[in-house]
Amino acid sequence: MRPTEKVERELKKMNFSAGAELRKQILDDAMKAHEQTKTQSAFEQPNIWRTLMKNKLVRIAAITAIVAGIAFGVTNILERGATPAYAIEQTIEANHSIRFLHIKYFDPKHSETEPKEIWLEFDEGGQPKNIRVHMPEWESPGEGPSVVVWNQGKMTVWFKNKNLLETRENNEFSNRFLMMAREADPKLAVERFYELQQKKQVELEITKPANKAEPIIVKATHLPNSPYAGWRWVLYVDQATNLVNSVEIYRLQDGEFKYEGRLEYYDYNQPIAPEMFTIDTMKESKEFIAKVNQVNINDATVDDIIRILGQPLSYRKGKETFTQDNLPERYGMVYPSYFWVFIHKGKVVEFNLGEDCASLGHIFRDRIGIGSSLEEVLDVVGQPVKTVEGQPNKWENGVLYKDIDGHKGECYYQRPDQGVRMFFTDYKVTTLGLTRTESPTNQ
Amino acid sequence: MIEDEILKWRFRQGSKEALCRIYEKYLDYLLTLAVGFANDFNTAQDIVHDVFVRFAASWQGFSQRGNLKSYLTTCIVNQARDHIRRAGRQPGELKEDALISESDCPERAIIGDEVSQQLNKALAELPYEQRETVVLHLKGGMKFKEIAALQSVTINTVQGRYRYGLDKLRSILNDEVQK
């Protein structure tokens, strides 16, 4: 019987998604509707400002104007307070020399040890040139953790769990990603306060401690007429550089401001190595293989596997999926790239690699992997005791079954004495099993 | 949550990027709700299409201060009811093949895994109010109080609809297993 809790759990996971064409079709229609209603709005002024800022000369002129413009608002605040000799335009000025930046975003609902991380490189006009983001699992529980790299419109995503690399040049994804990175950019955060202050929609409260080692605190509280009403951003600004060190975000709930998240800014203008803006799946594969090599398959248990390789993505037998508490006698633990660990009565019996594991390289004695040729295999493993050609596979140890059932290129070769068995298509390894080693006398 | 506030703010400024991001972020979630309400892929497509097109056109007057996800969920609920009213019938007896796809081409289709399709088929057998309640509570994460406000009924009625709906679903799914 299916308990109610199980039905509830399954319904929570129920998911339908749109195929690519349908996805595009709805978006196109929405964009058209958006475009048709679009008129010049006062709200667009900041965008014009941003465009102007692309030009270096205009930028200098614009900064001067902004400093002059903002001074009135800030001066009013300063007149009320003690005498903090700091104004937000100093941070705006300091921000515009930024070329490199590392940001961490901490969400209080998730672990403090798992922030979302962003590395940014800006061009001379202050526009993002290269971006790298580490998305933790909590960001997208269905897909698992991922790494995203954006280089001038081209986006590459690496889904760690599936070891799947996707390139997206589609503007829609690219724009979405670029926007996310921009929102974390302190230049724009400060710029937003400037815009809102001009409209008298935000109240700034600045505290400058006498101790130079302590940060200047800029408390920006959105007023009821602000589109951000009910939100407060607290900026911590370094006194020496006038750059933002961190931003805390609060939301008004039940009469008090409650903490909603934190952005921390690191390594201003510390050049970021170009490799950071590429994705190296090989490095990850090598790390995984190094872990696999720590396992002694001849006496490894399930606990050893979990300790060394971590929790699997799933427990499966054929198409059936199991949870850790209802496992059958025989099952497989599935790891990224569909690297299977076959278990029988709690003991490891085989590591099984299919074609998705090609990226793991030469896993058997550093010489055989998915895609190795039959000749290479014979060279490493040795000649069979017998070769059977064109006949059915009878799974005998030490026998090479070649062109099975008359299908040219399909072969099977099992060598328990060396702890390996392989299936071939077109005389190339398509499935590789690393098994327990048995002495040749048992064959 | 913070991201949504930024998106709303940008969207109100007329940002296409914000619209794209909202669309990408919520499309599949809203589609799942629409399939759950309508039990028919074509109708679900229409519902989601109409909601996004109207939403996209509303940016200048958009003054929603509450939660963006709840707002879009409410739009889907209202649009689904409109569709069903217009069709002049309780939504669908689901055809077996409609669950797989209305189209031969997966690019143009709505895609769901086997369990989701099985659940949706079972949902189709519930009266509309029960189905809406179950989907909104479990998939939409809405509280009974919020559903009660949306359906203009008391919390007790909502809780009753949820309990009856879930019991019936359990029985349908258990029958399926026994078959």
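Relevant structure appears above.
Procedures and definitions
Residues numbered from 1 in each chain as written. Chains lettered and ligands numbered in written order. Predicted model: local features only at pLDDT ≥ 70, side-chain atom pairs only at ≥ 80, totals over all residues. Heavy atoms only, no water. Salt bridge = Lys/Arg side-chain N within 4 Å of Asp/Glu carboxyl O. Helix = DSSP H or I, 4+ residues; strand = E, 2+ residues; numbered from the N terminus. Buried < 20%, exposed > 50% of the residue type's maximum accessible area, 1.4 Å probe, protein only. Arc of directions from axis to C-beta. Expected span 1.5 Å × (residues − 1). Polar contact = N/O pair within 3.5 Å; in protein donor to acceptor, adjacent residues only side chain to side chain. Pairing = 2+ DSSP bridges. Phe/Tyr/Trp six-rings, centres within 6.5 Å; stacked < 30°, edge-to-face > 60°. Lys NZ or Arg CZ within 6 Å of the ring centre and 35° of its normal.

K.L.:
Even after reading the chapter, I still don't get the pattern of salt bridges, so can you show me in this structure?
P.N.:
Note that side chains of opposite charge can pair when their charged atoms are close. Overall, the coordinates contain 15 salt bridges over all chains when judged by the stated rule. When the shortest N-O distance is used, the salt bridge between E24 of chain B and R23 of chain A registers 3.2 Å. Of the two residues, E24 of chain B sits in helix α2 (residues 16-38) while R23 of chain A sits in helix α2 (residues 20-36), which places them in two different chains. For R307 of chain A, the salt bridge goes to D304 of chain A, with nearest N and O atoms at 3.2 Å.

K.L.:
What should I look at first to understand helix α10 (residues 374-381) of chain A in this one?
P.N.:
The periodicity of an α-helix, 3.6 residues per turn, causes residues three or four positions apart to be oriented the same way. Residue and element names in this part refer to chain A. If you check which residues of α10 are buried, you get L374, V377, L378, V380 and V381. For α10, the angular spread of buried residues about the axis comes to 165°, placing them on one side. Summarising the geometry of α10, the exposed residues directed more than 90 degrees from the buried face are E375 and D379. Directly beyond the C-terminal end of α10, a positive phi value near 105° is found at G382.

K.L.:
What exactly am I supposed to notice about helix α3 (residues 41-57) of chain B here?
P.N.:
All names here are of chain B. With 17 residues, α3 extends 24 Å between its outermost C-alpha atoms, agreeing within 8% with the 24 Å of an ideal straight helix rising 1.5 Å per residue. Along α3, the residues that are buried comprise F41, T43, A44, Q45, I47, V48, V51, F52, F55 and A56. A distance of 3.2 Å separates the backbone nitrogen of N42 from a side-chain oxygen at the start of α3, and that oxygen is part of D40.

K.L.:
Teacher, can you tell me more about the pairing of strand β11 (residues 244-253) of chain A here?
P.N.:
Residue and element names in this part refer to chain A. As paired elements, strand β10 (residues 231-237) and β11 share seven bridges and run antiparallel to each other. Counterpart to Y236 in the pairing with β11 is S246. The loop that links β10 with its antiparallel partner β11 comprises six residues; one of these, N242, has a positive phi angle of about 65°. One ladder, built from eight bridges, connects β11 with strand β12 (residues 256-266); its direction is antiparallel. In the strand pairing of β12, V247 is matched with L263. Turn length for the β11-β12 hairpin, with the two strands adjacent in sequence and antiparallel, is two residues, and the turn residue D254 shows positive phi of about 50°.

K.L.:
What is the right way to look at the packing of aromatic side chains in this model?
P.N.:
The geometry of an aromatic ring pair is captured by the separation of the ring centres together with the interplanar angle, meaning the angle of the planes. Using the criterion set out here, one finds 16 aromatic pairs over all chains in the structure. Each ring, one from F11 of chain B and one from F55 of chain B, has its centre 4.4 Å from the other, and the planes form 10°; the classification is stacked. Here F55 of chain B lies in helix α3 and F11 of chain B lies in helix α1 (residues 2-12), a separation of 44 residues in the sequence. Pair check on accessibility: F11 of chain B and F55 of chain B agree, each one buried. Taken together, the ring pairs in this structure connect F288, Y335, F339 and F351 of chain A into an aromatic cluster. Of note, K104 of chain A hangs over the ring of Y266 of chain A, and the distance from its end group to the ring centre comes to 4.9 Å.

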